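Residue-level structure breakdown
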Amino acid sequence: MPTTSPPRISLAQLPTPLQPLERLTKELGGPRLYVKRDDLTGTALSGNKVRKLEFSLAEARAQGCDAVITCGGIQSNHCRATVIAAAMLGMKTHLILRGSPVDAPDGNLFLDYLAGARISFYTVAEYNSRRPEIFAEIAEQFAREGHKAFAIPTGASDAVGAWGYIAACEEMKHDFNRLGIAPTHIICATGSGGTQAGLTAGNAIHNLGAQVACINICDDDEAFQIKVREDLLDWKVRYNHPLDVEALPIHVIDGHVGPGYAQATPDVFETIAHVARTEGLILDPVYTGKALNGLIKEIKKGRFTSRDTIVFIHTGGIYGLFAQRKQFSFS
Ligand SMILES: *Cc1c(COP(=O)(O)O)cnc(C)c1O
């Protein structure tokens, strides 16, 4: 049976730019740094999740669904992107959020409400232990109202969503040819593993010849080895793809999580401010700021050589920055 090609809906503004980070490269005196601007896949509908949702929501439509259920943290970029993309397609959304409701919703949560999401909040304990049941209850509720709901897992990180970054690798193949570069490393933040799974497979399928290494912003190396491998195996079976996913190395650069998910140390906020001023690049404290701060530390430690060329994928997340504005002081 040949490989099944997945349904896709165009949602992201593609291709995104690939730009040199000239001042940061010079300042660090090591490898050449480029940034793949996936923060520019759109405005409200932006970031890495949009690439995955092109496949997840196409699958939802193919199954005749007119509603979507997904989950995440209060400031989930994935939830915000899902709500907005669903609204663009005339679908309803119900979010399962981890945490308590707030008086004045900010950042992503504000946009979730603005774009009409129904939102239910759960304690960490309930979110972790009862999530499958909660998804089922909400799906039943939609069914009683005459809707058919499609469930998207955390971060759209599954076999379907993996296509987002497999396709991004094909796009980067053209970027690299156009710029005449042969990057040795592709680096990005990893949170639910789907971007990493897609990049790891896509790098092999499209012969990018780079090492894909992701900086975990929560959990640890082992957790991502398991999650990324699982997603890749599911993807291979589901689409009957010939790629030997068992043989693919999964590289995780651990040691930069800090206090925990969505919690960063002061140096991350300093890096965010520094990069905003020197490169005009706006990072976020949960993913991209933590990851680029980690990458800078690894460069300073000598992990890379000056012959290396690194592409850092800017996966978005700007709205999460507003919710942590109190971490910055300007005077
Ligand atoms: C979700 C997210 C990531 C991590 O992507 P995963 O596929 O969940 O690992 C990185 N950066 C931003 C801004 C995100 O929202």
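Everything below is about the structure shown above.
So, a few notes on the structure that sits alongside this text. (Residues numbered from 1 in each chain as written. Predicted model: local features only at pLDDT ≥ 70, side-chain atom pairs only at ≥ 80, totals over all residues. Heavy atoms only, no water.)

Here's the deal with the site of the ligand
Around the ligand there are 16 residues in total, and Lys49, Lys52, Ser192, Thr195 and Thr315 lie nearest to it. Lys49 places a polar side-chain atom, nitrogen or oxygen, 2.9 Å from an oxygen atom of the ligand. Contacts to the ligand include Thr195, whose side-chain N or O atom sits 2.7 Å from an oxygen atom. Protein contacts shield 98% of the accessible area of the ligand, which totals 380 Å² for the unbound molecule. Looking at the shell around the ligand, the elements that each hand over two or more residues are helix H2 (49–62), strand S7 (185–190) and helix H7 (194–205). Considered class by class, the residues forming the shell around the ligand number two nonpolar, twelve polar and two charged. (Near = heavy atom within 4 Å. Polar contact = N/O pair within 3.5 Å; in protein donor to acceptor, adjacent residues only side chain to side chain. Areas by Shrake-Rupley, 256 points an atom, 1.4 Å probe, with all protein chains shown as cover. Helix = DSSP H or I, 4+ residues; strand = E, 2+ residues; numbered from the N terminus. Nonpolar A, V, L, I, M, F, W, Y, C, P; charged D, E, K, R; others polar.)

Points about the sheet that holds strand S3 (residues 67–73)
The strand order across the open sheet built from four strands is S5-S4-S3-S6, with neighbouring strands paired in parallel fashion. Each of the sheet's edge strands pairs with one partner strand only, and the pair in question is strand S5 (118–122) and strand S6 (149–151). On average, each strand axis in the sheet is inclined to that of its neighbour by 25 degrees, with strand direction left out of account. Note that strand S4 (residues 92–98) and S5 share five bridges and pair parallel. Bridging from a neighbouring strand, Arg98 pairs with Tyr122 of S5. (Pairing = 2+ DSSP bridges. Axes fitted to C-alpha atoms, helices over the stretch in contact; angles between N-to-C directions.)

Some points on the pairing of strand S10 (residues 309–314)
Taken across its six residues, S10 has six buried, putting it largely inside the fold. The alternating pattern of S10 places Thr309, Val311 and Ile313 and Ile310, Phe312 and His314 on opposite faces, both of which are buried. With six bridges connecting them, strand S2 (residues 32–37) and S10 associate as parallel partners. By the bridge assignment, Leu33 is partnered in S10 with Ile310. Sheet topology note: the S7/S10 ladder contains three bridges and is parallel. Note that in S10 the partner of Ile187 across the bridge is Phe312. (Buried < 20%, exposed > 50% of the residue type's maximum accessible area, 1.4 Å probe, protein only.)

Some details on the packing of aromatic side chains
Scanning the entire structure with this criterion turns up six aromatic pairs. With a centroid separation of 6.5 Å and 35 degrees between ring planes, the pair formed by Phe55 and Trp163 is classed as tilted. In this pair, Phe55 is assigned in helix H2 and Trp163 in helix H6 (residues 162–179), connecting sequence segments 108 residues apart. Owing to a relative accessible area of 4%, Phe55 belongs among the buried residues under this scheme. Trp163 sits in the buried class, given a relative accessible area of 11%. (Phe/Tyr/Trp six-rings, centres within 6.5 Å; stacked < 30°, edge-to-face > 60°.)

Observations concerning the pattern of salt bridges
Taken as a whole and assessed by the stated rule, the structure comprises 17 salt bridges. The closest approach of N and O atoms between Asp267 and Lys297, which form a salt bridge, is 2.8 Å. Pair noted here: Asp267 is in helix H9 (residues 266–279) and Lys297 is in helix H10 (residues 288–301), with a separation of 30 residues, a long-range link. Across the pair Glu298 and Arg303 runs a salt bridge whose closest N-O atoms are separated by 3.4 Å. When its relative accessible area of 5% is taken as the criterion, Glu298 is described as buried. The partly exposed category is assigned to Arg303, whose relative accessible area is 44%. (Salt bridge = Lys/Arg side-chain N within 4 Å of Asp/Glu carboxyl O.)

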